[in-house]
Amino acid sequence: MASIQNFEFYLDAPGDSFPVVVSFDDVQGGRGFSLSDGEIFALQWDDTNRLLRIINFTNMGNSGAKMGSILGICAVYDDNVRCWVDRITDQSPNAVNLNLAVGNWVFGKTYDQAVSVPGYQKPYIGYVNDSVQVHIESYSPPPEPMSVTLDQDYVTKYLGDTLTVNATIVSSAPVTDYEWNINNQIDVLSKDQNQATLKFNVLGTFQIEYTATNQIGQTASASCTVVVVNPPAKVLDLSLFTKTKDGTEVPIAPSITLNQYDIDPANIPLLFRNTGESTWVGENFSVDVGSMVFQDSSTLCVDSLPRTPNSDYQLTGVITPFDPSRAYTITLKATVLDDQGKSDTKFFQIHWTAQSGPDIKLSLVGRPNVNLKLPNRMKRNARYRGPRESEKYLSDHQEEIFEIRQNWRDIASLTQLQEQTIHSWFAGQHEGTSTIVTSSATKTLQTTPDKARYALLPKDSEGTIDYAVVSLNGTSIPLATPLQSNFSAGASITVGDPVSTEVPITITPQNVLADDGFIIDGDAIVLGRHVLQEGTLSVTYTATGPIQADSVYGLDELKLQLRELDERLGELERRYASYENAYK
C-alpha cells in the first residue's frame, strides 16, 4: 500500500519556493512551516478522515495583516500519486477566496503563471489564530502506462506498392489526440486513429512515426521503417497449345505429331499462351518452314494486343495442300515483346507422318513398261540353293515387291535422317566424332648430358611418332638398331652418364637402345648414351593421332545466349534510366 511522503503547499508568497514542501513526518508531528516574510503556520492532520487544518500562528512582519494565501495543497505518495484538496470543510469568518485551494489547477505552473490566471484574486485564511480545514481526496493507484505498437517494424516494398500500417493502442484513459508523422514523398491514401494506407512512388528509406495522447496526459509513440526498391524483372515466357476435336488441350513443347491425336490437319487450333509474369504488348507469329497458312490464308500474323499472364492469342493453322499419304514437318516461329521492353523468340514444330490405307493407292512411278523385265534382273540365292533352283529367275511380281520394300526402307531411313538433322539444328551437336590425322613438324630442343628422353607431342596428346630425322649440333644421328639378343622384353635399363641423373626406360623388342643412335618411344625420342651432350637438337618428325571434331551449337542454345544478352542489356538500360532520374 502506498504511503504519503510529503505535502506540497502552493502559496502566493513571491519570495518563497513554489510549492513549499513539508515532510509527512513534520505534518504528523504537528510541526508547521514559515515564510520569508515572517508568516508562520501550524498544521494538524487527521489521518482517519483525511482532514488537514492550517492555522495562522503568527505574522512577525505585520501582525495586523491578513495572511495564508493558499492556492493549492496536495499530498504526494511514494508512487508519485498526488491527492489534492477536493473541498473545504471549515474556515474562519475572515477567510477570503479560499475556494482557489480546491483542485489541481495550479499543478505544473510557475508562480507567475499561477497569479496571472484571468480573474485571479488573492486568497487569505484570515488574521492570527484564524484557520481553515480542508479535505484531501482519497488515494487512487496510478494508471497503467500507455503503449502504442505498429503491426509493421521493418518492411521492404517495391516502387508503386501500397502499404497499410495498423496501430494498436493500450491506454487506461480515452485517447484524445493522435498524429501520423509521414514523409511528404509518400502518398497518403487514407489515415485515422487506427491505421494509415500509404503508396510509395519514390525510391529510398522512410521512417513512419505514430504518436497518441490520452485524457490523463499520457503519451506513447511507435515507428516503422520502409525501404522502397525497384521491383525485380518479370519473367517473359510463352508456350503453344493445340486442341483435339473434343476440346482437350495438348501442349506443343516444342513439337507434336498430329497423327497421335484426334486433330484435323485442316483446322489446327493454335493457342499462344503467355506463361510468364509480364504483359505482352507486341506479337509476331509466322510459319517459318512448311506448308501451312493461318485462318486468313497468310503465313504471318503481327499484332499489338495486350496479353496478360495466362491469357491466349488464338490462331488456326491449315496444312495446305494436304495429302495424308505425305509426311509434313512445319516450323512455327513466335516472337513476343512485353511491357518491360524484353522480347522472346521460340520455335515450334508440327509433324504429320505419311499414312496408308484402303483409300490410298500405292503405285509405281517412273517405270515406262512394267511388263518388261527389269534392267537390274539378277540371279538370287545361287550360293544357298541347289543346282537347278539357282538357275531360276525371280518373277516380275516378286521383283516388284522387293523393290517396294527397299523403297519403303529408304523412305524410313531418309525420314529418320531428316528428323535427326532438324533436331540438330535446334539442339546442336556436342559429341563430335574424332578423326585420325597424320601431321609433320620440326622442333628444336636444348640438350644436356644427363637427359636422354625428349617429348615431341603435347602431354595430353594421344598421338604417336611414326618417323623422325634427328641431328645434334649439326651432326645427323641415326635410328638405332634394336639389340634384341642382349635384353628380354619388359626388362628395365637406365641411360645417361654414371655420375648424372639416370632415366629408366622399359625395354621392348622395338626400343632397345644402341649407344650411338636414337629410338622412338611413343611420343618422344631417346638418345643413346654416347650421343648425350649439351647442345641444340633438331628433330623433324611425322606423328599420327586422333582429332576431336568441334561441337556445333544449335538454334536453341544460340537463342538462350541471345536471351541472356537481351536481359543484361535491359538491366543496363534500367540502371541508366535510374541514374538519369537521380539528376532530374
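To be clear, the structure that these remarks concern was listed above.
If you're wondering where the values come from, they're calculated on a predicted model, not measured in any experiment.

1. A few points about the packing of aromatic side chains
Alright, step 1. The tally for this structure, following the rule as stated, stands at 17 aromatic pairs.
Alright, step 2. Aromatic side chains Phe9 and Phe33 sit 5.0 Å apart centroid to centroid with 35° between the ring planes, which places their arrangement in the tilted category. Taken together, the residues span a long stretch of sequence, with Phe9 in strand 1 (residues 4-11) and Phe33 in strand 3 (residues 33-34) at a distance of 24 residues. An identical accessibility class is assigned to Phe9 and Phe33; each is buried.
Alright, step 3. Summarising the aromatic geometry, the rings of Phe285 and Tyr313 are spaced 5.2 Å apart at their centres and angled 50° between planes, so their arrangement reads as tilted.

2. Section: the side chain of Thr331
Alright, step 1. Relative to the helices and strands, Thr331 is located in strand 25 (residues 328-338).
Alright, step 2. For Thr331, a relative accessible area of 6% gives the class buried.
Alright, step 3. When neighbours within four sequence positions are excluded, Thr331 is seen to be in contact with Ser286, Val287, Asp288, Val289, Phe347, Phe348, Gln349 and Phe426.

3. Quick notes on the nonpolar core
Alright, step 1. The biggest cluster of nonpolar side chains holds 32 residues, and the ones touching the most others in it are Phe7, Phe9, Phe33, Leu52, Ile54 and Ile73.
Alright, step 2. Of all the secondary-structure elements, those providing two or more residues to this core are strand 1, strand 2 (20-23), helix 1 (24-28), strand 4 (39-46), strand 5 (51-59), strand 6 (70-77), strand 7 (82-91) and strand 8 (131-136).
Alright, step 3. Not counting the four nearest positions on each side in its chain, Leu52 is found in contact with Phe7, Phe9, Val27, Gln44, Trp45, Ile73, Val132, Gln133 and Val134.
Alright, step 4. Residues Ile268, Trp280, Tyr313 and Tyr328 belong to the second largest nonpolar core, which totals 28 residues.

4. Describing the pairing of strand 17 (residues 238-243)
Alright, step 1. Note that strand 17 and strand 20 (residues 268-274) share four bridges and pair antiparallel. Counted as the bridge partner of Ser239 is Arg273 from strand 20.
Alright, step 2. The sheet contact formed by strand 17 and strand 18 (residues 249-252) spans four bridges and is antiparallel. Across the sheet, residue Thr242 finds its bridge partner in strand 18, namely Val250.
Alright, step 3. Taking the residues that link successive antiparallel strands as the turn, the strand 17-strand 18 hairpin has five residues, and the phi of Gly247 there is positive, at about 90°.

5. Focus: the sheet that holds strand 9 (residues 147-150)
Alright, step 1. Strand order in the open sheet made by the four strands is 9-11-14-13, with antiparallel pairing throughout. Two strands lie at the open edges of the sheet, namely strand 9 and strand 13 (186-191), each paired on one side alone. Taking the axes of each pair of neighbouring strands and ignoring which way they run, one obtains an average angle of 25° across the sheet.
Alright, step 2. Sheet topology note: the strand 9/strand 11 (residues 162-170) ladder contains four bridges and is antiparallel. The residue bridging Thr149 from the neighbouring strand is Thr168, located in strand 11.

6. Things to note about the pairing of strand 34 (residues 524-527)
Regular strands have side chains that alternate between both faces of the sheet.
Alright, step 1. Side chains Ala524 and Val526 of strand 34 all project onto a buried face; the interleaved residues Ile525 and Leu527 project onto the opposite face, where all are buried too.
Alright, step 2. The hairpin formed by strand 33 (residues 518-521) and strand 34 contains two residues between the paired strands, and Gly522 there has a positive phi angle of roughly 70°.

7. Observations regarding the pattern of salt bridges
Alright, step 1. For the structure shown, the criterion picks out 13 salt bridges.
Alright, step 2. Residue Glu571 pairs with Arg574 through a salt bridge whose shortest N-O separation is 2.9 Å. Of the two residues, Glu571 and Arg574 both sit in helix 4 (residues 555-582), three residues apart, roughly one turn of that helix.
Alright, step 3. Three or more residues are tied together by salt bridges with common partners; here these are Glu249, Arg273 and Asp312.

8. Description of the side chain of Thr279
Alright, step 1. Its place among the elements puts Thr279 in the loop between strand 20 and strand 21 (280-289).
Alright, step 2. Since its relative accessible area comes to 19%, Thr279 is described here as buried.
Alright, step 3. Every residue in contact with Thr279, bar those within four places of it in the chain, is listed here: Asn274, Pro306, Arg307, Thr308, Pro309, Leu337, Asp338 and Asp339.

9. Examining unusual backbone geometry
Alright, step 1. Cis geometry is found at the peptide bond from Ala253 to Pro254, where omega equals -10°.
Alright, step 2. With respect to the element layout, Pro254 can be found in the loop between strand 18 and strand 19 (255-257).
Alright, step 3. One non-glycine residue, Asn97, lies in the positive phi region at around 55°.
Alright, step 4. Along the chain, Asn97 turns up in the loop between strand 7 and helix 2 (111-115).
Alright, step 5. You will see that Asn129, though not glycine, has its phi angle at about 75°, which is positive.
Alright, step 6. Within the element layout of this structure, Asn129 appears in the loop between helix 2 and strand 8.
Alright, step 7. Assessed through its relative accessible area of 61%, Asn129 is described here as exposed.

10. So, a nonpolar patch on the surface
Alright, step 1. On the surface, Ile404, Trp408 and Ile411 cluster together to form a nonpolar patch covering roughly 280 Å² of accessible area.
Alright, step 2. Counting through the fold element by element, Trp408 comes out in helix 3 (residues 396-427).

11. Concerning the sheet that holds strand 28 (residues 453-455)
Alright, step 1. Taken in spatial order, the three strands line up as 28-34-33 in an open sheet, and their pairing is antiparallel. Both outer strands of the open sheet, strand 28 and strand 33, are each paired with one neighbouring strand and no more. Neighbour-to-neighbour, the strand axes of this sheet turn through a mean angle of 25°, independent of strand direction.
Alright, step 2. Direction of pairing for strand 33 relative to strand 34: antiparallel, over a ladder of four bridges. Residue pairing for strand 34: Ile520 is matched across the bridge by Ile525.

12. Considerations on the environment of Gln218
Alright, step 1. With respect to the helices and strands, the residue Gln218 is situated in the loop between strand 15 (204-214) and strand 16 (219-229).
Alright, step 2. Taking the C-alpha atoms as reference, Gln218 lies 7.4 Å from Pro145; in sequence the two are 73 residues apart.
Alright, step 3. Aside from chain neighbours lying at most four places away, what touches Gln218 is Pro143, Glu144, Pro145, Met146, Ser172, Ala212 and Thr213.
Alright, step 4. From its side chain, Gln218 meets the backbone oxygen of Glu144 in a polar contact 3.2 Å long.

13. Details of the environment of Asp312
Alright, step 1. Note on placement: Asp312 falls in strand 24 (residues 312-319).
Alright, step 2. Placed 40 residues apart in sequence, Asp312 and Phe272 show a C-alpha to C-alpha distance of 5.4 Å.
Alright, step 3. Apart from residues lying up to four places away in sequence, Asp312 is in contact with Leu271, Phe272, Arg273 and Arg307.
Alright, step 4. Here Arg273 takes part through its side chain, which lies 2.7 Å from a polar atom of the side chain of Asp312.

14. Section: the environment of Lys559
Alright, step 1. Tracing the chain through its elements places Lys559 in helix 4.
Alright, step 2. On the accessibility criterion, Lys559 (22% relative accessible area) is partly exposed.
Alright, step 3. Residues Lys559 and Asp344, 215 residues apart in the sequence, show an inter-C-alpha distance of 8.7 Å.
Alright, step 4. Once residues within four sequence positions are removed from consideration, Lys559 is found in contact with Thr345 and Lys346.

Definitions and cut-offs
- Residues numbered from 1 in each chain as written.
- Predicted model: local features only at pLDDT ≥ 70, side-chain atom pairs only at ≥ 80, totals over all residues.
- Heavy atoms only, no water.
- Phe/Tyr/Trp six-rings, centres within 6.5 Å; stacked < 30°, edge-to-face > 60°.
- Helix = DSSP H or I, 4+ residues; strand = E, 2+ residues; numbered from the N terminus.
- Buried < 20%, exposed > 50% of the residue type's maximum accessible area, 1.4 Å probe, protein only.
- Contact = heavy atoms within 4.5 Å.
- Core = buried A, V, L, I, M, F, W, Y, C linked by side-chain atoms within 4.5 Å.
- Pairing = 2+ DSSP bridges.
- Axes fitted to C-alpha atoms, helices over the stretch in contact; angles between N-to-C directions.
- Salt bridge = Lys/Arg side-chain N within 4 Å of Asp/Glu carboxyl O.
- Patch = residues over 30% accessible without salt bridge, like charges linked within 9 Å, V, L, I, M, F, W, Y side chains within 5 Å.
- Areas by Shrake-Rupley, 256 points an atom, 1.4 Å probe, with all protein chains shown as cover.
- Polar contact = N/O pair within 3.5 Å; in protein donor to acceptor, adjacent residues only side chain to side chain.

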